[in-house]
Amino acid sequence: MEPHINALSIEGFRTFRSLNVKGLGQVSLITGCNNTGKSSALDALRLLASDGSLSVIASILHSREEDADEGEESARWTEEEGAFPLSSLFHGFPEFSGDLKPISLSSNGGRRPMELTLTAGWYSEERGDNGSRRLVLQQLLDFGEGDALPALILKGPGGERLLPLPILRRNFPYPHRLRMDAAEEMRLPCQYVSPYGGEQTARLGALWDKIALSDQEEDVVEALRIIDSAIVAISMVGGERPRQHRTAIVRSKTLPRPVPLRSFGDGMNRLFGIILSLVNAKGGLLLIDEFENGMHHTVQTDVWKALFRLAERLDTQVVATSHSWDAIEAFQKAAAEHPSEGVLVRLSRKGEDVIPSVFREDELAVAAREGIEVR
């Protein structure tokens, strides 16, 4: 089966001045040393899949503490020196007044070609006689003139949109933030699993509700048996009252009553988040940052096998990152046993550029056998 995305092109985004990766597989693993852009490649895919939605941009900034908070830092959104708080998204952390090149993201060669361009600009507010508000793009290059404010201009399949930067402040009123963006629906179904262990309970609860009492519920239970074969069933409880947390509970043959999933350890919770995200990414993308986090090396091969099997059945393309040799070796073993192609992409630095090297299954098998460094 041809993957949704075969080739990925990234220009001017974060650590990438220019990156072109060709030949992604149904399941792909991106590896490399620190600061080679593994997580940034996943961020680029998230932006593409969502056509640059506000919620995805806010999530990317918040995960790296790049969104301004209230207090002294909030003033940076209106001072000339800090007038471009999204500089972290652009290659080289450029100043707004400099020669700012746009971010260009695209995918081609697969079933779902996509493209997205992000540029910086200025806007001002105009109010009509009836009190309505209209955002007008300005051509000012000097932030000190007039009442212009910084904005992000997004161009993609959904057309051109203007995103005022102040609404990305961490404490900006949330309902207003949502109203400012008309493209919250993913253009390609996409689920992202962060590297920070267990996902937020609220997010996992929403994902569970979408597959409860379906065939995918058994897929999740079967995957959890990779770590503990005595597991019989899993469910989410709580949330009946406002602000009440939801909890995943597990029934096991060896225990007299259901217990919280978190009592089974980090590996079980990590696996639950990965598989639950996968079954919710049917027909789209699953992105896993630092696959191996929390999982002992002895279970990683079986987890990869489950990912290969479910990815093929659910028509989901999986792209994960890792810098662990155990994860790479387990990936190679699983790929060798499954008809869907597994591809490893190694990112390495050469001066200011990041260079991709693509290892297909036969090349990866040789590298693993000969002990060739592919991290």
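It should be noted that the structure appears before, not after, this text.
Throughout what follows, the structure given in this document is the object of discussion. (Residues numbered from 1 in each chain as written. Predicted model: local features only at pLDDT ≥ 70, side-chain atom pairs only at ≥ 80, totals over all residues. Heavy atoms only, no water.)

A short note on the pairing of strand β3 (residues 27-32)
Here's step 1: In terms of residue burial, β3 counts as a mostly covered element, since six of its six residues are buried.
Here's step 2: In β3, alternate side chains face the same way, and those of V27, L29 and T31 on one face and S28, I30 and G32 on the other are all buried.
Here's step 3: Inspection of the sheet shows β3 paired to strand β14 (residues 317-322) by five bridges, in the parallel sense. Residue pairing across strands places V27 opposite V318, the latter belonging to β14.
Here's step 4: Bridge analysis of β3 against strand β15 (residues 342-350) gives six bridges, and the strand direction is parallel. Residue pairing in the sheet places L29 in a bridge with L344 of β15. (Buried < 20%, exposed > 50% of the residue type's maximum accessible area, 1.4 Å probe, protein only. Helix = DSSP H or I, 4+ residues; strand = E, 2+ residues; numbered from the N terminus. Pairing = 2+ DSSP bridges.)

Side note on the nonpolar core
Here's step 1: Of all hydrophobic cores here, the largest spans 49 residues; its most connected members are F272, L276, I288, F291, W304 and L307.
Here's step 2: Top contributing element to this core by residue count: helix α6 (residues 266-279), with eight residues.
Here's step 3: Ignoring sequence-local partners within four residues, the contact set of F272 consists of L204, W208, V220, L224, I234, M236, A248 and L261.
Here's step 4: If you look at the next biggest cluster of nonpolar residues, it comprises 43 residues, including L19, A41, L42 and L54. (Core = buried A, V, L, I, M, F, W, Y, C linked by side-chain atoms within 4.5 Å. Contact = heavy atoms within 4.5 Å.)

Comments concerning the environment of G238
Here's step 1: Within the secondary structure layout, G238 lies in strand β10 (residues 231-238).
Here's step 2: Residue G238 is classed as partly exposed on the basis of its relative accessible area of 21%.
Here's step 3: Taking C-alpha positions, G238 is 9.4 Å from G205, a pair spaced 33 residues apart along the chain.

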